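Given next are the chains, with one letter for each unit.
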Amino acid sequence: MAQAQKQSHYPNQTAHEAIEQRTLSVIVDNEPGVLARVIGLFSGRGYNIDSLTVTETEHEKHISRITIVTIGTPMVIEQIKHQLERLVPVHRVEDLTLNGEPLERELALIKVQGKGEKRIESLRLAEIYHAKVIDASVEHFVFEMTGRAREIEQFLTMMGELGLVEVARTGIAAMARGKADV
Amino acid sequence: MAQKMTGAEMVLKALADQGVEHVFGYPGGAVLPIYDELFQQDKVEHILVRQEGGAVHAAEGYARSTGKVGVVLVTSGPGATNAVTGLTDALMDSIPVVCITGQVPTHLIGNDAFQECDTVGITRPCTKHNWLIKDVNDVARIMHEAFYVARSGRPGPVVVDIPKDIQFATGNYVGPANIQHKTYRPKMKPEQTAVREAVEMLAAAKKPIFYTGGGVINSGPKASKLLRELARLTGFPVTSTLMGLGAFPASERQWLGMLGMHGTYEANMAMHDCDVMFCVGARFDDRITGRLDAFSPNSKKIHIDIDPSSINKNVHVDLPIIGDVAYVLEDMLRVWKSKAPQVDKPALKAWWKEIDGWRARKSLKYKQSGDVIMPQYAVERLYELTKDRDPYITTEVGQHQMWAAQYFHFEEPNRWMTSGGLGTMGYGLPAAIGAQKAHPNSLVIDIAGDASILMNIQECSTALQYRLPVKVFILNNQYMGMVRQWQQLLHGNRLSHSYTEALPDFVKLAEAYGWKGMICHKAGELDDAILEMIDTPEPVIFDCRVAALANCFPMIPSGKAHNDMILGDEVEGEDIGGVIGEGGKVLV
């Protein structure tokens, strides 16, 4: 590796900063290809996407809101914001993490198979985590759970021991606290 | 108010309304309706290239030499994919280009139809923006938006993909005055607090430097004028990137030459040792900075850029100023004049003394002796013999490009067209054709290499057809010189596939295309031959046979800082690999 770097005329990486997680709200014109532009930017420039959700939020103006959870050094995060703002159909980019922890929620559908004791235990835990049963048979439950990603992870870990067979998650929807809008 | 017409008519009407006079293109099935309209009008002249890649480079040369938007018209599928390299090139160098591509009819999109490709998908990452038109009533709006996006803010290429059925369909045309873009509003004018702070920082500097780039050229001739004024007012030294050559006159005493990997010793040393760096429309590219953690370690940095994403991308700057170079410089000049700050004259005198010491090192020195033409000598003679004719110079990519940047000197902006960011071999000939079309009575020279020129040699045919008397000056060393140089420096001189075994006879090749062909082997005959080339009214290929193994110096080697350059006279003869092996492995 060291040898390989010495034979390259590209500068070595010199900055080693701490990596942070940020939640960005990207307000875009809902036109064909806009999501591909955003995703292509992330893959093309080597940025990370931990979570991504998108839906049209203002129908009459054809405006969509993309919520992206990403990680990177502060310099990379700055770049991500500016690169997103460069995309022509992007109205603006808000870093929701800037003023404290934003409100973040995710919805998960969780299918658990099992009989007897394990089945009862899974139902009991579901109540504690406010997960709703939306489908059931004598051998399975499908839970619907809304919460922070962390809580869903915790619930999934426990269900792992009780017959978890399938998970579908929406990714994070997020909003800053307080009365101001983006 | 709205006029009824077909999509194809709208394309031509929009071009005319946007003031377009020249379009570079190549016809094909999916653009035939537009070509049919071209045939029936005389406002827009079409230049038929020989490959679509050539069309984009020609449009780039046209745009860069005029400040106008370059326009390209190509067909679907291979027409669009051939354009991709040129589009990427224009994106990297911020050249405004509108590329119109034909597409298969709407109902066939996604069917793997003949000559279908996902043009907007393929060109998404290599354009500033692109559009696929699905409704004929959108044609006029999107055409006008395309020109607006291409030329506004940081300029760049855009693609408008128009299916054939849309070209035939009839709809409403609207003029450019009625179009306002929904989201795209680049910030042109700077924050005044930042402007004032910049003036204070410059005024307090003891070792200042102006580091200017292609942004000055893109901002327009006014930006170059203002840069000169501010430089003269302050008396500070000026260096420039490859893309910015010509913004500041090379004949001025304040000019230090180009900086970066193959920049002059004085420019790079001054960058390294300065205390205030004033970056004007440049982007701290890796060929400029060298080793990042040793890049100008003791300076405060001011950075003017129209693109916020250029700020703090590679190098942390102390004072970013977002805005168009001309607006920012205008404001700075006004503040400077009204405050009339006292600069630290003794410090500046000492700084210039230091710079003159570096200058005295004569980093561009080379030895020309005997018959064999040194490539540096060839460019130097070409410069001396053409400088009074205000020539337009394009280049291909490689050693010859760096020699041209080092030994050809520019007094005015828009005279220098080169592929900087992408480094596209084959750029120079089509770019020269574009520049010659824009300046029919000027001397346009493509300084080329023997390998690069073959990448778009077919465009010779275009030049002949339109009677464009471009001159192609090939520094022929029979190698891919820059590749060979790196192999020598970094890979034990194992010259893996960098020798061109079977080069064509360039004189016969020229004649085959209806050009004049010339060859020169001897230094003593060079001047007369160059003069003959210039005086030839037809296009000329000039095969200038140069020393085969010459290297391009000075050079900042891999992973090194600006103050750690290799100078040509430190490495005697051509045995650099050996010299460096013992020199503490400076290079490898």
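Look up: the structure comes first, before these words.
Residues numbered from 1 in each chain as written. Chains lettered and ligands numbered in written order. Predicted model: local features only at pLDDT ≥ 70, side-chain atom pairs only at ≥ 80, totals over all residues. Heavy atoms only, no water.

J.: Looking at this structure, I do not really get the sheet that holds strand β18 (residues 471-476) of chain B. What am I missing?
T.: Neighbouring strands of a sheet are bound in pairs by backbone hydrogen bonds; such pairs are parallel or else antiparallel. Residues and elements named next belong to chain B. Strand order across the open sheet formed by 6 strands is β16-β15-β17-β18-β20-β19, with parallel pairing between neighbours. Of all the strands in the sheet, just β16 (416-417) and β19 (516-520) have a single pairing partner and so form its edges. Strand direction decides the pairing type here: β19 and strand β20 (residues 540-545), joined by 5 bridges, are parallel. Considered in β20, the bridge of K516 is made with V540. Strand contacts of helix α15 (residues 375-386): β17 (444-449), β18 and β20, with the helix running at about 155° to β18, the strand carrying the most contacts. Each of β15 (392-395), β16, β17 and β18 is contacted by helix α17 (residues 428-438), which is oriented at about 175° to β17, the strand it contacts most. (Pairing = 2+ DSSP bridges. Helix = DSSP H or I, 4+ residues; strand = E, 2+ residues; numbered from the N terminus. Contact = heavy atoms within 4.5 Å. Axes fitted to C-alpha atoms, helices over the stretch in contact; angles between N-to-C directions.)

J.: What's the story with the sheet that holds strand β1 (residues 20-29) of chain A in this structure? I'm lost.
T.: Residues and elements named next belong to chain A. Ordered by their spatial adjacency, 4 strands build an open sheet running β2-β3-β1-β4, and the pairing between neighbours is antiparallel. On the outer flanks of this sheet lie β2 (51-58) and β4 (90-95), each paired with one strand and no other. Within the sheet, the average angular offset between the axes of one strand and its neighbour, ignoring direction, is 20°. Sheet topology note: the β1/β4 ladder contains 5 bridges and is antiparallel. Counterpart to I27 in the pairing with β4 is R92. Those strands touched by helix α2 (residues 34-44) are β1, β2 and β3 (63-72), and its axis lies near 10° from that of β3. Of the strands in this sheet, β1, β3 and β4 touch helix α3 (residues 74-86), which is tilted by about 5° from β1.

J.: Is there a simple way to think about unusual backbone geometry in this case?
T.: Residue and element names in this part refer to chain B. Residue P554 is bonded to the preceding F553 through a cis peptide linkage, with omega at -5°. For P554, the position within the fold is in the loop between β20 and α22 (576-582). One non-glycine residue with positive phi stands out, namely N414, at about 65°. Note that N414 resides in the loop between α16 (399-407) and β16.

J.: Quick question: what am I supposed to make of the environment of T97 of chain A here?
T.: Residue and element names in this part refer to chain A. Tracing the sequence through the fold places T97 in the loop between β4 and β5 (103-113). It is 19 Å that separates the C-alpha atoms of T97 and V28, two residues lying 69 residues apart in sequence. Filtering out sequence-adjacent residues up to four positions away, T97 remains in contact with Q21, R22, T23 and P102.

J.: Would you mind showing me how to read the pattern of salt bridges here?
T.: The full count for this structure, using the stated rule, is 43 salt bridges over all chains. With its nearest N and O atoms 3.0 Å apart, the salt bridge here joins K437 of chain B to E45 of chain B. Here E45 of chain B lies in strand β3 (residues 45-48) and K437 of chain B lies in helix α17, a separation of 392 residues in the sequence. Via salt bridges that share partners, E20, R22, E78, K81 and D95 of chain A belong to a single interconnected network. (Salt bridge = Lys/Arg side-chain N within 4 Å of Asp/Glu carboxyl O.)

J.: Would you take a moment to explain the packing of helix α11 (residues 265-273) of chain B against helix α14 (residues 345-359) of chain B for this structure?
T.: When two helices pack together, their arrangement is given by the angle between their axes and by how far apart the axes lie. Residues and elements named next belong to chain B. At their nearest, the axes of α11 and α14 sit 8 Å apart, and the two run at 140° to each other. Taken together, the axes of α11 and α14 lie oblique to each other. Crossing handedness for the pair α11 and α14: right-handed. Note on element contacts: α14 touches α11 through W351, E354, I355, W358 and R359, opposite Y265, E266, M269, A270 and D273. For the contact of α11 with α14, the residue count by class is 6 nonpolar, no polar and 4 charged. (Parallel < 35°, antiparallel > 145°, perpendicular 65-115°, else oblique. Left-handed = near helix turned anticlockwise from the far one by under 90°. Nonpolar A, V, L, I, M, F, W, Y, C, P; charged D, E, K, R; others polar.)

So, to be careful, I would describe these as geometric facts and stop short of saying anything about function.
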